[in-house]
Structure formats: C-alpha cells, structure tokens
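In case you want the letters, here they are:
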Amino acid sequence: MPLTFASGPVRVRVPATSANLGPGFDALGLALGLHDDVAAEVTSGGVRVSVTGEGAGELPADDRHLVARAMRVTFDLLGGQPPGLALECVNRIPQARGLGSSSAAIVAGVLLARALVTDGPARLDDDGVLRLTAEIEGHPDNVAPCLLGGFTVAWTEPGGARAVSLPVAAGIRPTVFVPAERGLTATARAALPVTVPHADAAQNAGRAALLVHALTAEPALLLPATVDRLHQDYRAPGMPGTAALVSALRAADVAAVVSGAGPTVLALGEPPSGFQAGTDWQVWRLSVEVRGATVARGRLGHAERDPVAAGRKS
C-alpha cells in the first residue's frame, strides 16, 4: 500500500541519556533532563538541515546528517521515500561526550519519519521503533532511555532489542561533569579486552543487580552498586582526566561513573559542598527525564528554538 505523507511539520523532543551507569555495560541507561528539539516536514525535493546550538557549523546540512539518515532508513521500512525533507535541529546535548547525542538523533529521525506518514504507527509500532533505533545505533542502552524515559534495562533477543523502564527513587538528582574534549565510542570500545576474568564478570553481575535496587528503592546503596570491572579501568588510560574525576568523587562518597563511553562523568547525587572538579569541567545538575521522547504536530516554538538548556544549573 503506497505511503501518504502528513501535511505540515512535526516536531520531537529527545532527552540526553547516560548508559552503562557503571556495572550495567550495554544494558542499563538513564534519561536526563537535557534535550534536543527537532522539527521536520516533507518538501518538494532535496534535503535541507539547519542546526542551532551544539554541532552548529560542524554537522552536515544535507542527507548525511544522522537525523536525516535515520529518517531515510525508517521511510524505507515503512514503504517509500518522500520527495524531500526540511529539518530544523536545536541541539543542547553535547556531541561525542557520552551523553547519547547520536542515539537522540537516531530516535528523533525514526519518530519523525513515522509521524510524517499518515498511518505510520500502524506500520511501525513502539516495539518496532525500539528495535529499529537499536539496530541503527548498534546497541540498545542509550536508545531505550531516550525512547522510554526514566531508568531502563535493555537486552537483545533474536527478534531484536527489548527494554523496560523502571521508576527512579525520589531524591536522585544526577550531576554531569562535561569536559571540552570529545571522545569516540569506537575508540573507547577498541580499548576493551576480548575476554575478562570470571571473577570480574561475576562481580559486575551482582553490582548491576544491586544497582537496579539502589536506583529504584534504596539510593543509600548507590556507591557500592556502581562499582565496575568490565570497562572503566580499561578505558582509563585513554581519558585520564575522566578516570581521576571519577576516583575523586567516589573517594568523597559520591556514586560517580563514566557516562556511556565518556569522557563525561555522571554522579548520581550532589557532590559535597566545596568539591572542586577544576576549570576543565562544566558542571550541570539535571533531573531524571521520566517521559522519554515526545512527538507533536507543528513547528518549533520560541522556547524550543532556544539553544540554551532551560532549567540547567551550572
């Protein structure tokens, strides 16, 4: 059945995410109160992308842009391509810092494409969106919280990615320490060994299970629950500043971990009064985003076009 496209623009708001959370490698993730806003509409031809905020002047302005690429993949799955696309991206999630900017772009593209097809949700349901975004990204730990919000546990079955979102205990307020330097997920993954000691794998399994309990019911256990032996130590030589800050925060009894593949540091709580991260870090106190990605009709409004993250304290 041929596609028919919606008239007028649609917009999506997608949150930043932090994956792994210490021991939950490629499985656990958290949605954060920092968002990109993207609007798209079908045009008569070509692909035009405008970018404001993070990545402006650096990211492609044509169909090489990741949002546009994710849209193209989705349109193919839905059954056909529109004649053209116009995208407006207002980015607040730092690029290549371990806060899920790529996953946010992929989720935005898939949801926008689905919304621009008149019967898009009937052709691609929410479970299908998760499977598709995880397939494009390569793993589900960032796309799951971006889509679902809150604290997510994701896994992959033969049929594709699956995930559940769990409520976060009251009082948990993440703090992120964002450096000026960037990191590449591929580089961080290349630092990991092919095998790990059985004892390390066993410890991580226990700590990941404890982390689910700590995040949802007993935050007092977050410090022991965020101990990791699978990836952070192996990546430390490639980002010594990140490793040093994680160690300093944990020595101060703060449950701190590398956010995703880094180099951002995530603290699941307030640093102690007087703690100094140094001038190389921007410190943002964020909320947990419980809604995940949201889609609406119409263009971006004045608030959505503001590239400064509302409510962010630094």
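Residues numbered from 1 in each chain as written. Predicted model: local features only at pLDDT ≥ 70, side-chain atom pairs only at ≥ 80, totals over all residues. Heavy atoms only, no water.

Q: Is there a simple way to think about the environment of S7 in this case?
A: On the secondary structure map, S7 appears in the segment before β1 (10–19). Residues S7 and L85, spaced 78 residues apart in sequence, show a C-alpha to C-alpha distance of 12 Å. (Helix = DSSP H or I, 4+ residues; strand = E, 2+ residues; numbered from the N terminus.)

Q: How should I be thinking about the domain arrangement of the protein chain in this particular structure?
A: Reports often express the size of an interface as the amount of accessible area lost when the parts come together. The domains assigned to the protein chain are domain 1 (10–167 + 289–304) and domain 2 (175–285). Taking only C-alpha atoms, the centre of domain 1 and the centre of domain 2 are 25 Å apart. Every contact between the two is made by 26 residues of domain 1 and, on the other side, 34 residues of domain 2. Each partner contributes to the roughly 2100 Å² buried at the junction of domain 1 and domain 2, and carbon and sulfur atoms together form 62% of this total. For the domain 1 face of the interface with domain 2, the top three residues by lost area are P23, F25 and R97, together amounting to 31%. At the junction of domain 1 and domain 2, the tally comes to one salt bridge. Notably, a salt bridge pairs E58 with R182, separated by 3.0 Å at the nearest N-O pair. Where domain 1 touches domain 2, the interface holds 12 residue pairs in polar contact (both at pLDDT 80 or more). Elements represented by at least two residues in the side of domain 1 that touches domain 2 include exactly β1, β2 (28–43) and β5 (151–157). No other element matches β2, which puts four residues into the side of domain 1 that touches domain 2. Classifying every residue of the side of domain 1 that touches domain 2 by side-chain character gives 15 nonpolar, eight polar and three charged. (Domains from an automatic or database assignment. Contact = heavy atoms within 4.5 Å. Buried area = accessible area lost by both parts, 1.4 Å probe. Salt bridge = Lys/Arg side-chain N within 4 Å of Asp/Glu carboxyl O. Polar contact = N/O pair within 3.5 Å; in protein donor to acceptor, adjacent residues only side chain to side chain. Nonpolar A, V, L, I, M, F, W, Y, C, P; charged D, E, K, R; others polar.)

Q: I'm lost on the UniProt feature "domain: GHMP kinase N-terminal" (unreviewed entry) in the protein chain in this one. Help?
A: The UniProt feature table records "domain: GHMP kinase N-terminal" (unreviewed entry) at residues 66–150. A distance of 24 Å separates the end C-alpha atoms of residues 66–150, which is 60% helix and 9% strand. (UniProt positions renumbered as here; feature names shortened; annotations may be inferred.)

Q: When you look at the pattern of salt bridges in this model, what are you seeing that I'm missing?
A: Side chains that carry opposite charge are capable of pairing whenever their charged atoms lie near each other. Across all of its chains, the model carries 12 salt bridges by this definition. The partner of E88 in a salt bridge is R305, and the shortest N-O contact between them spans 2.7 Å. Of this pair, E88 sits in strand β4 (residues 84–91) while R305 sits in the segment after β11 (294–297), and the two are 217 residues apart along the sequence. For R305, a relative accessible area of 36% corresponds to the partly exposed category. Between D126 and R114 there is a salt bridge whose closest N-O contact spans 3.0 Å. One end of the pair, D126, is in helix α4 (residues 126–137); the other, R114, is in helix α2 (residues 101–116), with 12 residues separating them in the sequence. Judged by relative accessible area, R114 falls into the buried class, the value being 12%. Among the charged side chains, a salt-bridge network with shared partners connects R13, D37 and R92. (Buried < 20%, exposed > 50% of the residue type's maximum accessible area, 1.4 Å probe, protein only.)

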